[in-house]
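Chain by chain, the residues:
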Amino acid sequence: MLLLTALAIAVADVTRVALPMSSGLPEREPAAVGMSAERLGTIDRVVQRGVDAGGYPGASVVVGRKGYAVWSRGFGTLDWTRKTRVSASESIYDLASLTKVVATTTALMVLYDRGDLELDAKVSRYLPTFSGGLRDQVTVRHLLTHRAGLSAGRELWRMAQTPAEARDAVLASPINCTPGACYEYSDLGADLMGFIAEAVSGQTLETLLQKAVFQKLGMNDTRYRVSDMDVMRTAPTEIAPPRGYPLRGEVHDENAYALGGIAGHAGLFSTASDLSVFAQMLLDGGVYNGVRVIADSTVQLFTRRAAGHRALGWDTCAGGAGCGQFMSERAFGHTGFTGTSLWIDPDRQMFVILLTNRVHAARARRPSKVIADVRNDLADAAVLAVMDDPDGVRAMPASFRADLAQDWNRPLKSRRASSAAARRKAAAAKRAAAKRASATKSRSAKKASSANKTRSAKKASGKTTVKTSAKKSTKVSAKKSSTKKPTAKKGTARKTSR
């Protein structure tokens, strides 16, 4: 009995080692991994400038290298009340489109590893209802590279009353061009990938990821649904969404909400510390703390450029999506609409994570410009802090984008500003312009008609004058001729005059 107990304890110890129970990488001083703490200090300045400018109330940052977290910081607060400070290890953020890679793409990587998924198989093989016409040509690879011919998205939240109806709407989405021949970044494609993962695994996307990825990595704060006890450490997002109430701990994306909060394109929540473990797992070739999650060959396949600037599911720096100007050609990552980003540079064995809630009542006029500059500055500052780069130490710029804050608070008529009122105003202006053009055309036509009449009248008048002159000339000529004739006899003259 004692032997069995000892064996059970030993097994439990091994399990604890194999399956980490807490999130976050071990921390280490920057110098220990070949980085400059002074240069990394630039991160504090540029991220804080975004807070001070009103781009977001707070931010969570983790920079890691060679298996360690070297810069883990929280900036500002979760909301504008300034009550709760942001913590890189505790604060939970809505990841938005980071869901596409941390969740959906990773699920497909797991299934590909198992031999249950073929990248060049038709989507209809896994989702029979997604068929007919050009749909029959769409492959899983097309979805991963955003080349399926799908639109960017559909307003599922307007057309569906239940998650089932929203799902049906996704499956019925039209294909707008020959699959493989055009590129359009699409949420619908990611949703279809989520459906494929569920169909192949026989599990919900949430369950598959929890068992196959998040639990293995000890990512305890990464999930689709935030529990009631964790809501207060979750950054709020929209304060006046179509749902009619402020959002906190509930997915920001309306279409993801329409799909039940669990979607391939959005819906995942996490902390920067949890994501640091995920990033390190990829840098280590799919393994972390002795636990294999994905095969090394699969990591390489999915993260290298496959079509244009896109990898499989992932984006690359060629897409110019917030990874700065110094990351290597093999760097890959993604961004999220709520103000999140994750970039990984295998050549430098480093990653950069930024989580914000810039959609939460931003006070800057152009929060999208603020977050874009801060994302790029963060990546640049991290790379510039590398002191053992084979290409040598790069010179620090005199100023970063956040120092210049160019156009951060310049009024902007963006696509999101094209509200119903703006559209009505534009339509009214268009009608007024058309009316003015019509009036001008009418005046021109009348003027031309009047001119034509005048010319006709003058022409007619000219002809009359000529005729009159001719008659006068004839009469004059007749008179002259009569005076030249000899005088007639008086009798004859009288008869003639009568």
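Everything in this summary refers to the structure shown in the same document. Nothing here was measured: the structure is a model prediction, and the numbers come from that model.

1. Regarding helix 2 (residues 37-52)
In this model, helix 2 (16 residues) spans 23 Å end to end at C-alpha, consistent with the 22 Å of a helix rising 1.5 Å per residue. Every buried residue of helix 2 is accounted for by Arg-39, Leu-40, Thr-42, Ile-43, Val-46, Val-47, Gly-50 and Val-51. Lining the buried residues of helix 2 we find strand 1 (58-65), strand 2 (68-76), helix 13 (367-384) and helix 14 (401-404). Where helix 2 begins, the side chain of Ser-36 points an oxygen toward the backbone nitrogen of Glu-38, at a separation of 3.4 Å. Once helix 2 finishes, Gly-54 follows within two positions and takes phi at roughly 85 degrees, a positive value.

2. Focus on the side chain of Thr-106
Here Thr-106 lies in helix 3 (residues 99-113). For Thr-106, a relative accessible area of 1% gives the class buried. When neighbours within four sequence positions are excluded, Thr-106 is seen to be in contact with Val-101, Val-213, Phe-278 and Ile-294.

3. Regarding the packing of helix 3 against helix 9 (residues 205-217)
In contact at an axis separation of 10 Å, helix 3 and helix 9 are set at 70 degrees when each is read in the N-to-C sense. Between helix 3 and helix 9, the angle falls in the class roughly perpendicular. On the side of helix 3, the interface is formed by Val-102, Ala-103, Thr-104, Thr-106, Ala-107, Val-110 and Leu-111, while helix 9 contributes Leu-205, Leu-208, Leu-209, Ala-212, Val-213 and Phe-214. Taken together, the residues that form the contact of helix 3 with helix 9 break down as 11 nonpolar, two polar and no charged.

4. Some thoughts on the sheet that holds strand 9 (residues 340-345)
Taken in spatial order, the six strands of this open sheet run 2-1-10-9-8-7, and their pairing is antiparallel. Each end of this open sheet is capped by a strand with a single partner; those strands are strand 2 and strand 7 (315-316). Pairing of strand 9 with strand 10 (residues 350-356) involves six bridges; the strand directions are antiparallel. Within strand 10, the residue paired with Ser-341 across the bridge is Leu-354.

5. Let's talk about the state of the cysteines
Under the defined criterion, the tally for this structure stands at two disulfides. The disulfide bridge from Cys-177 ends at Cys-182, spanning 1.5 Å between sulfur atoms. What pairs with Cys-317 in a disulfide is Cys-323, and their sulfur atoms sit 2.2 Å apart. Side by side, Cys-317 and Cys-323 carry an identical accessibility label, which is buried. For the protein chain, numbering the cysteines in disulfides from first to last along the sequence yields the connectivity 1-2, 3-4.

6. Quick notes on the nonpolar core
With 84 residues, the main nonpolar core has Leu-143, Leu-192, Leu-217, Phe-278 and Leu-342 as its most contacted residues. Ranked by residue count, the leading element in this core is helix 3, at eight residues. Counting residues in hydrophobic clusters, the runner-up holds 38 residues, among them Met-35, Tyr-56, Phe-75 and Ala-331.

7. Here's the deal with the side chain of Ser-97
Secondary-structure assignment places Ser-97 in the loop between strand 3 (93-94) and helix 3. Side chain to side chain, Ser-97 and Lys-100 meet in a polar contact 2.7 Å long. Apart from the residues within four sequence positions on either side, Ser-97 is in contact with Tyr-185, Asp-187, His-265, His-334, Thr-335, Gly-336 and Phe-337.

8. Observations regarding the environment of Asp-253
Relative to the helices and strands, Asp-253 resides in the loop between helix 9 and helix 10 (254-258). Sequence separation between Asp-253 and Thr-338 is 85 residues, and the spatial gap between their C-alpha atoms is 9.0 Å. In terms of polar contacts, Asp-253 uses its side chain to reach the backbone amide nitrogen of Asn-255, at 3.0 Å.

9. Quick notes on the packing of helix 2 against helix 13
Their axes nearest at 8 Å, the elements helix 2 and helix 13 cross at an angle of 175 degrees. In this view, helix 2 runs roughly antiparallel relative to helix 13, as classed from their interaxial angle. Note on element contacts: helix 13 touches helix 2 through Val-370, Val-374, Asp-377, Leu-378, Ala-381, Ala-382 and Leu-384, opposite Arg-39, Leu-40, Thr-42, Ile-43, Val-46, Val-47 and Gly-50. Partitioned by chemical class, the residues of the contact of helix 2 with helix 13 number 10 nonpolar, two polar and two charged.

Definitions and limits used
- Residues numbered from 1 in each chain as written.
- Predicted model: local features only at pLDDT ≥ 70, side-chain atom pairs only at ≥ 80, totals over all residues.
- Heavy atoms only, no water.
- Helix = DSSP H or I, 4+ residues; strand = E, 2+ residues; numbered from the N terminus.
- Expected span 1.5 Å × (residues − 1).
- Buried < 20%, exposed > 50% of the residue type's maximum accessible area, 1.4 Å probe, protein only.
- Contact = heavy atoms within 4.5 Å.
- Polar contact = N/O pair within 3.5 Å; in protein donor to acceptor, adjacent residues only side chain to side chain.
- Axes fitted to C-alpha atoms, helices over the stretch in contact; angles between N-to-C directions.
- Parallel < 35°, antiparallel > 145°, perpendicular 65-115°, else oblique.
- Nonpolar A, V, L, I, M, F, W, Y, C, P; charged D, E, K, R; others polar.
- Pairing = 2+ DSSP bridges.
- Disulfide = S-S within 2.5 Å.
- Core = buried A, V, L, I, M, F, W, Y, C linked by side-chain atoms within 4.5 Å.

Any functional reading would require information that these geometric values do not contain.
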